[in-house]
Structure formats: C-alpha cells, structure tokens
Amino acid sequence: MKKIYHRHTINFKVPQELALRASEAAQDLGMTRSDFIRQAIIRNLEVYSLYERDLLSRAHAFRSGAVSP
C-alpha cells in the first residue's frame, strides 16, 4: 500500500529583503525557495528539539522555584 503524505500549506508574510535573500540562497543551493524555507524550518525544529526545549524547560522550572540555584 502506498504511503499517503499529508501536505499543509503555510502562508506567511516576510519583509521583501528576507524573501530576496531566501531566493538568492535557494538559487545558490540549486533548490526552490519553498524547498529552502522548508529545510530552514526543519533545521530550526531539530535545534529546538535537541537543545532549546530542555533549556527552556529548565529555565521555566528555575523561575518558578522548582529548582534551586
């Protein structure tokens, strides 16, 4: 049976300069701007999952007094 992938469209506005920079970077890398932005989102989510989520959780626990300094 063929796997079905659900694709969701995300629309957002960015400053023109950012869109131009993304287009230039994508072209340099030989990909579409959509592919470049998709890759950037994936990289950010990986960094968040690997590092930032735990740090934010610790910071919140520290601020709430659940953890002593």
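The sections below set out a description of the structure shown in this document. (Residues numbered from 1 in each chain as written. Predicted model: local features only at pLDDT ≥ 70, side-chain atom pairs only at ≥ 80, totals over all residues. Heavy atoms only, no water.)

When its secondary structure is counted, the protein chain shows 2 helices and 0 strands. Evaluated residue by residue, the protein chain yields a buried proportion of 6% over its 69 residues. (Helix = DSSP H or I, 4+ residues; strand = E, 2+ residues; numbered from the N terminus. Buried < 20%, exposed > 50% of the residue type's maximum accessible area, 1.4 Å probe, protein only.)

Let's shift gears to helix α1 (residues 16–29). In an α-helix there are 3.6 residues to a turn, and that puts residues three or four apart on one side. In this model, α1 (14 residues) spans 20 Å end to end at C-alpha, consistent with the 20 Å of a helix rising 1.5 Å per residue. Close packing links the buried residues of α1 with α2 (33–63). Once α1 ends, the next one or two residues include G30, with phi positive near 75°. (Expected span 1.5 Å × (residues − 1). Contact = heavy atoms within 4.5 Å.)

Let us now look at the layout of surface pockets. One simple way to see leftover space: roll a probe sized like a water molecule over the atoms. Of the pockets and cavities examined, the largest pocket occupies roughly 750 Å³. What lines the largest pocket is a set of 21 residues, and nearest its centre among them are I10, S34, I37, R38 and I41. Take the lining of the largest pocket: its biggest share by element is 10 residues, from α2. (1 Å grid on protein atoms, 1.4 Å probe; cavity = no way out; pocket = protein on both sides within 12 Å on 5 of 7 lines; lining within 4 Å. Points joined across faces, edges and corners; volume = space filled by probe spheres on them.)

Next up on the list: a nonpolar patch on the surface. There is a patch of nonpolar side chains on the surface, built from I10, F12, V14 and L18 and spanning about 390 Å² of accessible area. By secondary structure assignment, the location of V14 is in the segment before α1. (Patch = residues over 30% accessible without salt bridge, like charges linked within 9 Å, V, L, I, M, F, W, Y side chains within 5 Å. Areas by Shrake-Rupley, 256 points an atom, 1.4 Å probe, with all protein chains shown as cover. Salt bridge = Lys/Arg side-chain N within 4 Å of Asp/Glu carboxyl O.)

Before going further, it helps to examine α2. At S49, α2 shows its maximal bend, which comes to roughly 50°. Backbone geometry just downstream of α2 places G65 in the positive-phi region, at approximately 85°. (Bend = angle between axes of the 7 residues up to and from the residue.)

Just distances and angles here, no functional claims.
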